[in-house]
Structure formats: C-alpha cells, structure tokens
Amino acid sequence: MRVAWAFTGAGHFLKESVMIYEKVAKKHDVTVLMSKAGEEVLKMYGLYDRVKKFTGGYYKELVREKDQEYSFPITGRFSLGRYDLLIVSPATANTVAKIVHGIADTLVTNAVAQAGKGRVKTLIVPVDIKVGKNETVLPSKLELDLCKNCETCKAAAACPTDAIIPGREIELLKCIGCGSCEKACPYNAIVGGKIIEIYVRKIDVENTKLLNKLECVEVIDNPKKILDYITSFS
Ligand SMILES: Cc1cc2nc3c(=O)[nH]c(=O)nc-3n(C[C@H](O)[C@H](O)[C@H](O)COP(=O)(O)O)c2cc1C
C-alpha cells in the first residue's frame, strides 16, 4: 500500500501515533508530511529521529513544511490519486478547524484538500474529541519548586543543544527531547512526560464533528485503530 502520514503539532496522541507509524512504515511505502509545528513537537518529545529513520527514497520522502513554499507542489500527488491513503495523526485543533472550513494554506491542510480532489481517502485522528477535562502529556519541563538553581547546573551542562536556562525554564524550540538533562539533575528537577489535565473546548469538538461531513474523510478516535483500518483496506 502507498500511504502518506501527516504529523501536526499536537503532543496529545503523538507518541501513540509514532508507534503505529513505525508499524505501518515497516510494511508499506510511507511518505511523511510534517507541519512546521509537527516537526517542532516531534523534536521536543524526542520522537523526530524515530520518524525520520523510516524515510528515504521515492514515495518514502520526509516532506517538511519548513522546506516548502506557498503552493505545496508535492500535494499534487494527492490530486493525481497517487496514494491509497492519507493519514493525519495526530491532528491539532488548528489543522482540524482549517480543514473543515476549506482552508488549505499549510502543507497538511493542503494535502487533505488535494486528497479530496483526487478521491484519496483521508483518515484523521483529531486530538479534541470530547468537551471537558482531558489528560495530556508534556515534553521535558523544569520544575522550579525542585530546582536548587545550582551554581553549575549539571542539567544545562549535559544538554547538547543549550536548551536549558538554569533556574528558569527549558527553551522548547531548542529541546530535542533526549532526556540527558533529566538524568543529569541530582534533584530530579527536570521531568519528562508529565501528565497534566487540560480543558477541551466546545469549538474544537464542534469542528471535529464537522470532519464527518467531508467527502473522502473518515475520523477515528485513537491512533491504535489505524492498524485495523489498514488491514481491512489491503
Ligand atoms: C509542547 C506542545 C504541545 C502541543 N500540543 C497540542 C495538542 O495536543 N493539540 C493541539 O491542538 N495543539 C497543540 N499544540 C499547539 C500547536 O502546535 C499549534 O496550535 C500549531 O500552530 C499547530 O499547527 P499545525 O496544525 O499546522 O500543526 C502544542 C504545542 C506545543 C508547544
């Protein structure tokens, strides 16, 4: 099967999506599309290299929005029907809102629009499914109540990208989620994978529901179900 997998900038469902992507990429040709935010968060959560590892070659490219200009010529492949399936997992509130309102000004929203024109099925895993409290996972975080603001910060010294401002915060755009800081801090002041509660907004869930009205689009509520879908498809 020839698949395209789009990663957008959601921390929620990100690790789960990467785990399923790896399974799919072992068996099928997968082109990876990354929104700018998708690339950033994959790096922050230490997952970028895991995705990149399976790319390389014709129809197995890593297509980064960062490298694209405004017209996204690569998405012409979708309007020409060159793929069996486009998967967007995870899909941010932002990407979902744009898709349901016919906006196609990012790599991923443009791919979905072109897929519709080429009658290529799009499978979307939105992050916002039910209004109300939901748990989500953070990238590495400096806990200031545990930080002793040491004269020489061992965590900062261990960081390969100088992402840590001692006694203050982690600059997430520099962070590659390698976890070296967590191991180096003797006070366990850096925590990776912390679970927090957030509130899922009504507008985002309403947009998710609108996805069901789009032609050639199918919504699933968990990345794990992608495998079942692919098995039934092939
Ligand atoms: C660490 C981190 C985690 C994020 N997680 C989410 C998320 O779970 N859901 C979401 O809708 N946006 C999330 N965002 C915000 C999006 O990345 C942001 O809205 C971005 O503009 C989305 O762009 P995209 O839809 O083109 O990928 C997160 C941002 C950061 C820095």
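Residues numbered from 1 in each chain as written. Predicted model: local features only at pLDDT ≥ 70, side-chain atom pairs only at ≥ 80, totals over all residues. Heavy atoms only, no water.

For the protein, the name recorded in an unreviewed UniProt entry is Archaeoflavoprotein, MJ0208 family, with Methanothermus fervidus as its organism.

Draft legend 1. The arrangement of the nonpolar core in detail. One finds Trp5, Phe7, Tyr21, Leu42 and Ile226 to be the most contacted residues of the largest nonpolar core, which totals 30 residues. The set of elements that each furnish at least two residues to this core consists of β1 (2-7), α1 (14-27), β2 (29-34), α2 (36-44), α3 (48-52), β4 (85-91), β5 (121-126) and α10 (225-233). Counting residues per element, this core draws most heavily on α1, which supplies 6 residues. Within the second largest apolar cluster, 23 residues are counted, among which are Leu33, Phe72, Tyr83 and Leu211. (Core = buried A, V, L, I, M, F, W, Y, C linked by side-chain atoms within 4.5 Å. Buried < 20%, exposed > 50% of the residue type's maximum accessible area, 1.4 Å probe, protein only. Helix = DSSP H or I, 4+ residues; strand = E, 2+ residues; numbered from the N terminus.)

Draft legend 2. Up close: the side chain of Thr122. Mapped onto the fold, Thr122 is located in strand β5. Taking the relative accessible area as the measure of exposure, Thr122 reaches 1% and is therefore buried. Residue contacts for Thr122: discarding those within four places in its chain leaves Leu86, Val88, Val112, Ala115, Cys216, Val217 and Glu218. (Contact = heavy atoms within 4.5 Å.)

Draft legend 3. Molecular detail of the environment of Glu171. With respect to the secondary-structure elements, Glu171 resides in the loop between β9 (169-170) and α8 (180-184). Overall, Glu171 belongs to the partly exposed group, its relative accessible area being 31%. In this structure Glu171 touches Asp162, Ala163 and Ile165, once residues within four positions along its chain are discounted.

Draft legend 4. Summary view of the site of the ligand. Near the ligand you find 16 residues, and of these Gly9, Ser35, Thr92, Ala93 and Thr95 are the closest. His12 places a polar main-chain atom, nitrogen or oxygen, 3.3 Å from an oxygen atom of the ligand. Between Ala93 and the ligand, the recorded distance is 2.9 Å, taken from a backbone N or O atom to an oxygen atom. Computed on the free molecule, the ligand has an accessible area of 640 Å², of which 66% lies beneath the protein chains in the complex. (Near = heavy atom within 4 Å. Polar contact = N/O pair within 3.5 Å; in protein donor to acceptor, adjacent residues only side chain to side chain. Areas by Shrake-Rupley, 256 points an atom, 1.4 Å probe, with all protein chains shown as cover.)

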